[in-house]
Amino acid sequence: KILILDFGSQVSQLIARRVREAHVYCELHSFDVSIDFIREFNPKAIILSGGPNSVYASDYQADPALFQLGVPVLGICYGMQWMAQMLGGKVEAGLVREFGFAEIRARGHGKLFNGIEDRTGPNGEGYLEVWMSHGDKVSQLPEGFGVIAETLSCPIAAMADEARGFYGVQFHPEVTHTLKGREMINRFVLDIAGCTPAWTMPNYIDQAVARIREQVGDEEVILGLSGGVDSSVAAALIHRAIGDQLTCVFVDNGLLRLNEGQQVMNIFNKHLGVKVIHVDATEQFLGHLTGVTDPEAKRKIIGREFVEVFQAEAQKLPKARWLAQGTIYPDVIESAGAKTKKAHTIKSHHNVGGLPETLNLQLLEPLRELFKDEVRELGVALGLPHEMVYRHPFPGPGLGVRVLGEVKREYCELLRRADAIFIDELRAFDWYDKTSQAFAVFLPVKSVGVMGDGRTYEYVVALRAVQTSDFMTAKWAELPYELLGKVSNRIINEVRGINRVVYDVSGKPPATIEWE
Ligand code: XMP
């Protein structure tokens, strides 16, 4: 396995993704883990990520004893500079900062680049398109190192000490803009570090099942099933491991999408044979939401009621010793990184996390080491329907934040039907997978319309569809007019109570994806 030390680059997670794609297990940890931790981790190789700081004015320092472990090390950008500095080279501020595409010339084809190139130069040298993003650069090599690639503005674009297996690259091989980046990572991980590509889904399932059985023994496990990807896959995996020792609790808060409760029961209960307790708590949730209009207040109430309902169910299962959760690797990295990275709270997101410690249950989190696309792959391998595993994300508070202002049962029912029509047509037009999230929003505003010979005075629905890779920024999807027209027609004809449909053309920022 590979250890990645994170010096705070925006793209550190991508390094981990690329290593996993080479079918090698890896973990991303903060740069300041102790050398004892690293020894215990026992990596076959170490990758040092990039970072926003300067090595000569930074407390972003890892323990240089890692260079004594006898394993190959690859430093990327800041990681390379830190490596150079620690091993006796020099780093200085470059005259020109370099951001974006650059073409490097690979000299002498060291092990890292041998046979990897985008084009061959007149003297047999290899040229590679790479993505640069740096201000500082290595100005003097440490002892034992040679230059393996250069550009005009950066004479030491990559360096290597082949004997010790130390490599540094000033560019970012982990981003797709570096055309042969994947090959370089594969080369380092498989050939230089000598890892076997054994991280595959069938292997993973066997290991995970064994681990869950060992952890849980003959005790019972309880899991809050939301119907979302993560909790669904966790449930399927745990069920594969321990069968009826698992009980899932599915809380219907009255804020779900059309027929969602039924679908979850069909898949898990009927199809997979998982024990699922279906709690219809609609009255309780809607009751507490009466008269509440503030989005954050609504979120708090929905979160609080969920905990309450779940706790009451858990108490009916006195034999349960474990609480299973669908925590995935990005959640783990995020909450670890939250200590160093400050973020401003725009909306208080909650998911099934934050369940009470008073339950006195131990945590079982079998997906803790998987990325989202690995979780999806696992879900399919465990027999979950493709449609469920590749569904757009749905916020924990559900329609509670899609009915603007006060949430009423009548509004939820109109919205559910309008939303289902929108999603239906997106699929029919083959646009569902081209958008990252799409939904309808209920506006408690009445406008005048005319239908047949009569005047109508009814509510408005807004359609929202966005494209994004990280949900931090998003652009509105340029859906075909034909699709929008069809959706509008169907909603107005089929959902009595809605006489106007609008399309949201706001990006994030400045708008957010949800309206509340
Ligand atoms: P915004 O609206 O902040 O949404 O641009 C970004 C992503 O987060 C989802 N979202 C939530 N998810 N609880 C959740 O579990 C929440 O309270 C919540 N609010 C927004 C939203 O659907 C989008 O995917």
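Residues numbered from 1 in each chain as written. Predicted model: local features only at pLDDT ≥ 70, side-chain atom pairs only at ≥ 80, totals over all residues.

**A word on the pairing of strand E7 (residues 126-140)**
In the case of a regular strand, side chains alternate between the two sheet surfaces. The following threshold applies: A pair of strands is considered paired only if DSSP assigns at least 2 bridges between the two. Per the convention used, a helix needs a DSSP run of H or I reaching at least four residues, while a strand needs a run of E reaching at least two, with both numbered from the N terminus.
Note that strand E5 (residues 90-106) and E7 share 13 bridges and pair antiparallel. The residue bridging Ala106 from the neighbouring strand is Gly126, located in E7. Across two bridges, the pairing between strand E6 (residues 119-120) and E7 is antiparallel. Note that in E7 the partner of Arg119 across the bridge is Tyr127.

**What to know about helix H1 (residues 12-21)**
It helps to recall that an α-helix has 3.6 residues per turn; residues three or four apart then point in one direction. We count it as follows: Put simply, a residue is buried when 20 or more other C-beta atoms lie within 10 Å of its own C-beta and exposed when 12 or fewer do; between those, it is partly exposed, and each C-beta is set from the backbone.
Burial runs high along H1: seven of the 10 residues are buried. For H1, the complete set of buried residues consists of Ser12, Gln13, Ile15, Ala16, Arg18, Val19 and Arg20. Note on H1: the residue one or two positions beyond its end, His23, has a positive phi of about 65°.

**Looking at the sheet that holds strand E14 (residues 320-324)**
Heads up, the rule is: Geometry is summarised by axes, namely lines fitted to C-alpha atoms with helices restricted to the contacting stretch, and by angles between N-to-C directions that run from 0 to 180 degrees. Residues are defined as contacting one another if the C-beta atoms placed from their backbone atoms lie within 7 Å.
Reading across from one edge, E13-E12-E11-E14-E15 is the order of the five strands in this open sheet, with parallel pairing throughout. Edge strands, defined here as strands with exactly one partner in the open sheet, are strand E13 (275-280) and strand E15 (362-364). Across the sheet, the mean angle separating the axes of adjacent strands is 30° when strand polarity is ignored. Bridging between strand E12 (residues 246-252) and E13 involves six bridges; their strand directions are parallel. When the sheet's bridge partners are listed, Val251 is paired in E13 with Val279. Contacts from helix H7 (residues 260-271) reach strand E11 (220-225), E12 and E13, with the element oriented near 165° to E13.

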